[in-house]
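Reading the structure
These are the residues of each chain, in order.
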Amino acid sequence: TPDSLLAQGLISFSELRNNSLPARWFCLYGWDPEEVPDVKQIAKSGENIKPNFFKGKLLISGRVERLGAEDTMMPAGITMSRSAPEPRNMQLALLADVYEVCGAVGRECQVQLAFGSSTKETKEWVSPGGLDKIAAIEQHGQKSVTDDFGEDDRVYDVEDVTTFSFTQEQGRIEPILSMAPEEAKSQPLVMVNVYTRGVLSGKSRVGYQMRQLETFRKYEPGNPGRPRYIPLEPMPFNTHARIPGSVLMVIEHFTTDDVPRHNRRTVKPMVYIVRAYAFMARNIKVDTASTNLALRVACAGISKTTAPEAGQVRPMWMKPLELKVTLCSDHPKEPPTMEPITVTLLDSQTILGVKNDRDIGKTVCTYEYMRQKDNMGRWEPYRLQPQWVKLFGGNYGSVAMGEVLIGFELLHSKFRADLPAIQMWPVSEEEFDPKRHFSKLKKATLHFTLYGLRDLISTGRQEDPLVNVRVKKFEEQRPTEDGAPPPSKYYSMNFKYEKLVYEGQEDNKDDHLHKWRTDALGHQGCRNLEFFQVQKINVKVPDKEILQPFIAIRVLEKAVELFQGTALQMKPFGDEGALVGESRQSLNRLYPCTWYEGVTLDQPYSYQENRIKRGVDRAIKACASRTAYQEETPEDRARELQAEREQRRQEQLDYMKSLITMEEEKAEVIDSRALPLELRPFKSVFNPAGYLPEDREVLQLREEHVLNMEQLGNFPTCFGERAHGEAGGAGIRLRGKLEDSKQIHVFQPDFWFRNAPLMRNADIVEDDELADWNFYHDKVFGFVKCCFKLMDGWDSDAHQETGAVLQEELSEESEEPPAVAGPATPAAT
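Below is a short write-up of the structure. The shown structure was predicted, so the numbers you read here are calculated from the model rather than taken from an experiment.

This next bit is on the overall build of the protein. Looking only at helices and strands, the protein has six helices and 31 strands in total. Relative to its full complement of 829 residues, the protein shows a buried share of 40%. Restricting the contact set of the protein to residue pairs at least 6 apart, pairs at least 24 apart contribute 72%.

The following block contains the structure:
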């Protein structure tokens, strides 16, 4: 039989030259041929599946030795090498107890624990059964009739989740005794495999999970460990399951296997509240024009779904979903054994009165922190920290289909009325309360400069297109009075093509704005127009950069009116007209610099440059997406609690000091330094006749020899033109387009009016120096040249100014920014 490739890897020669590689075990993982018979077929589909089968391990060490002057180069080959000491080994015993398996489809279930090539299983196959969690929730609802949380609390879906419960005898796995390296990098992963079988079907693996050994606690005799739910990765044939499986178990390690095994910890079912704060979604990889996008959150067999948003590229739900679930815990004041939370983005359609939901992408989140009271009986502070998390879909669940902004909160059901949900919609600065609201709205003025349109694909219309610029309002839409039109969802301003510049003369050819045709984007006769207009508008944007407010530049054809002057008059494409293309650009990187912590206008920019850069970096980092939800670590949470306690202590101390009044003192006319009252600092009670700090004049005392001398700096060092290598060689070498250059050490561009692609049903396009939008003929419908900036506060005449002239020097050959409409770099704002 021909050789088969098990694994391959690369070793950096430069890294090996600087640091030798000590002997280390490399564990190899792949796929079981019986489970995945044809990996090439999966690879052809463009998706990747995670390796889930242990293939063996390989011991490798390496170093680079320099040849001497008399040594000769040798051809590549295999020779004898020096012996290297193997990594130190230790004896290891893995102990495990299985409580429950949820979401596995089958008639019987079995759990396997594997460490390298060593495996152990539960003694018996277990049939479905156990605690009826739904009945416990309904029984709890009948008891708690004192608080009414609205109709939404009684609307939820019950998921069809199969549960297998294990007794202590059924779930106890025999210890796995093995020799393992002491170094964590050389140790194999601990694998948990779940198998099911049916009446006619044989044994098959339906899920697995791989963890590092160091993530499990050491076995302590007499102190049973608290069980935790481990979410399972589905097998390639099981990726479309509505609710992924999970296993509730305890895994511990010890040095020997003859240690006495104590009874496992006893847990009881209790009712808890899981809050999922569903903010919005972005970068959805489906055509959103005809979709109704909603978000479903499921935990412990209960799920809730947001109201669908129709035809939105970036749907905004801004709604907390409260799930009343049954979880197990050993004490009411201790956190429960939290089940994984499944977040699914779906397209909710209704066909002939039948609801038909199509899942687009999903992710499994783990959140275990429960809100508790401290020793003083006060609630520990809670800070909502949502994250952008990727949603995966496709045939094998490995394709990123979108991103969702979501956060979680866990509390006991009896404290639900005491701990209301955080209000997610931003509120005004006057109304903002950090304990009740997530974000506040800040006033800003948006200055927008439109240079022109380029390579606009012709639609056959003769009229000039219109440009609409709008910013989404982060304000909750409340019901209006009868007959009143609903408020607009956007801040909007319009640009219309004019033949002349503002206040231009017809007989001056330099005042004419040009139009011309080009062949581009695979089409002929593409339109190009010059606008040279600037406008400004007052907006309110949230102070949290993670909400990522954006500006949308939309190019529209003039609205078509049919049957004008008759009773059948209509506009088939709406009042705005048909959309040619749209460019969405983020605003969170262009916040006024005074909004950043520690930045003020009283200090020069050079002194605060690093603070501004850190603020911009925090905004970029906040909007970065993650492959999985990452809960805050206990160390970070303890640090925040300590800071909150210190703040409370300082407030209490200041309050106590305010209750103490000192006896009024009288100032002496002449103090011990022989200074009268007028030459001492002002104090409202003690010395009202003193001087103010701004009235004090500091005397500049100098030595005698410097009275008639002023010290100045030397002439700065002058540098000539940077050498370009060999004489007569080419100029600077730059990758990609000049205006898109990010190699600032080679060339720093100052082209403010860059080409931004006009697309349809597309979200914010991040800067990518490798993407040349001129070759995306099926996605790009033209380009817009514009720049914009945000200024702190509202401008009194922002709504009155509809257009202004740009400098006449602006032309096709020179695209430098005018003084009245410069772009907003974070440092310049």
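Still more to cover.
Now for the nonpolar core. F279, M280, I341 and F408 are the most contacted members of the largest nonpolar core, which totals 53 residues. Among the elements of the structure, β14 (268-282), β15 (292-299), β18 (316-329), β19 (341-351), β20 (354-365), β21 (387-393) and β22 (399-412) are those that each provide at least two residues to this core. In terms of residues, this core owes the most to one element, β14, which gives nine residues. Every residue in contact with F279, bar those within four places of it in the chain, is listed here: P315, M316, W317, M318, L384, P386, L405, I406, M424, F438 and L547.

Right, let's talk about a nonpolar patch on the surface for a bit. Together, Y655, M656, L659 and I660 give the surface a local cluster of nonpolar side chains, amounting to about 440 Å² of exposed area. Its place among the elements puts L659 in the loop between α6 (634-658) and β30 (755-757).

Okay, the packing of aromatic side chains next. Evaluated as defined, the whole model comprises 13 aromatic pairs. Plain terms: the ring middles of F448 and F495 are 5.5 Å apart, the flat faces sit at 50 degrees to each other, and that makes the pair tilted. Of this pair, F448 sits in strand β23 (residues 441-456) while F495 sits in strand β25 (residues 490-496), and the two are 47 residues apart along the sequence. When the centroid spacing of 6.2 Å and the interplanar angle of 10 degrees are considered together, the rings of F448 and F788 count as stacked.

The strand order β26-β27-β23-β31-β30 describes an open sheet built from five strands, whose pairing is antiparallel. Across the chains shown, the open sheet's two edge strands, defined by having one partner strand only, are β26 (515-520) and β30. The mean angle between the axes of side-by-side strands here comes to 40 degrees, regardless of whether they run parallel or antiparallel. As judged from the 13 bridges shared by β23 and strand β27 (residues 523-542), these two strands associate in the antiparallel manner. Bridging from a neighbouring strand, L453 pairs with L529 of β27.

Let us look at the sheet that holds strand β29 (residues 579-586). Within a beta sheet, neighbouring strands are joined by backbone hydrogen bonds and run either parallel or antiparallel to one another. Reading across the sheet, the four strands line up as β25-β24-β28-β29 and stay open at both edges, with antiparallel pairing between neighbours. The two strands at the open ends of the sheet, each matched to only one other strand, are β25 and β29. Taken pair by pair, the neighbouring strands of this sheet meet at an average axis angle of 20 degrees, ignoring direction. By the bridge criterion, seven bridges tie strand β24 (residues 466-472) to β25 in an arrangement that is antiparallel. If you follow N468 over to β25, its bridge partner there is N494.

The next point concerns the pattern of salt bridges. Inspection of every chain in the model, using the stated rule, returns 34 salt bridges. The partner of D359 in a salt bridge is R296, with the nearest N and O atoms 3.3 Å apart. Here D359 is found in strand β20, whereas its partner R296 is found in strand β15, with 63 residues between them in sequence. Note on D359: relative accessible area 33%, which makes it partly exposed. Residue R416 is joined to E322 by a salt bridge in which the shortest nitrogen-to-oxygen separation is 2.5 Å. In this pair, R416 is assigned in the loop between β22 and β23 and E322 in strand β18, connecting sequence segments 94 residues apart. The pair R416 / E322 is uniform in exposure class, with both members buried. Among the ionic contacts, a cluster of salt bridges with common partners joins R275, E322, R371, E409 and R416.

By the criterion of burial, strand β4 (residues 108-115) is predominantly enclosed, with eight of the eight residues buried. Where β4 lies against strand β9 (residues 190-197), eight bridges are found, and the strand directions are antiparallel. By the bridge assignment, Q110 is partnered in β9 with Y195.

A word on the environment of G116. Summarising the element assignment, G116 is placed in the loop between β4 and β5 (118-121). The sequence separation of G116 and K57 amounts to 59 residues, and the corresponding C-alpha distance is 8.7 Å. In this structure G116 touches F54, P188 and L189, once residues within four positions along its chain are discounted.

Note on placement: Q209 falls in strand β10 (residues 204-211). Reaching out from Q209, the side chain makes a polar contact with the backbone oxygen of P231 at a distance of 2.5 Å. Not counting residues within four places of it along the chain, the set of residues in contact with Q209 comprises V190, M191, V192, I230, P231, L232 and E233.

Turning next to a negative patch on the surface. Taken together, the side chains of E429, E430, E431 and D792 make up a negatively charged region of the molecular surface. One can find D792 in strand β31 (residues 783-792). By relative accessible area, D792 is classed as partly exposed at 48%.

The rules behind the values
- As a convention, each chain's residues are numbered from 1 in the sequence order in which they are written.
- Restriction of local features to residues with pLDDT of at least 70 applies here, the model being predicted, together with a cutoff of 80 or more for giving and counting side-chain atom pairs; totals for whole chains, interfaces and linings are based on all residues.
- Side-chain numbers here rest on the full set of heavy atoms in the structure, without hydrogens or water.
- Helix numbers and strand numbers start at the N terminus; a helix is a DSSP run of H or I with at least 4 residues, a strand a run of E with at least 2.
- Each residue's exposure class comes from its accessible area (1.4 Å probe, protein chains only) as a fraction of the maximum for that residue type: buried when under 20%, exposed when over 50%, partly exposed otherwise.
- Contacts are assigned to residue pairs with any non-hydrogen atoms lying within 4.5 Å of each other.
- The nonpolar core is taken to be a set of buried Ala, Val, Leu, Ile, Met, Phe, Trp, Tyr and Cys residues, with the residues joined through side-chain atoms within 4.5 Å.
- Patches here are clusters of residues that have more than 30% relative accessible area and form no salt bridge, with a 9 Å joining cutoff for like charges and a 5 Å cutoff for nonpolar side chains (Val, Leu, Ile, Met, Phe, Trp, Tyr).
- Accessibility throughout is a Shrake-Rupley quantity obtained with a 1.4 Å probe, and a residue counts as covered only by protein chains that appear here.
- A carboxyl oxygen of Asp or Glu within 4 Å of a side-chain nitrogen of Lys or Arg is what we treat as a salt bridge.
- Classification of ring pairs uses Phe, Tyr and Trp, with its six-membered ring standing for Trp, and accepts pairs whose centres are within 6.5 Å; under 30 degrees between planes counts as stacked, over 60 as edge-to-face, and the remaining range as tilted.
- Only when DSSP finds a minimum of two bridges between them are two strands counted as paired.
- Every angle, taken between N-to-C directions, lies between 0 and 180 degrees, and every axis is a line fitted to C-alpha atoms, over only the stretch in contact when it is a helix.
- In protein, a polar contact means a hydrogen-donor-capable atom and an acceptor-capable atom, both N or O and within 3.5 Å, with residues adjacent in sequence counting only if both atoms are side-chain atoms; elsewhere, any N or O pair within 3.5 Å suffices.
- Asp and Glu count as negative and Lys and Arg as positive, but His and the ends of the chain are not part of the count.
- A charged residue contributes its charge at one atom only: NZ of Lys, CZ of Arg, CG of Asp or CD of Glu.

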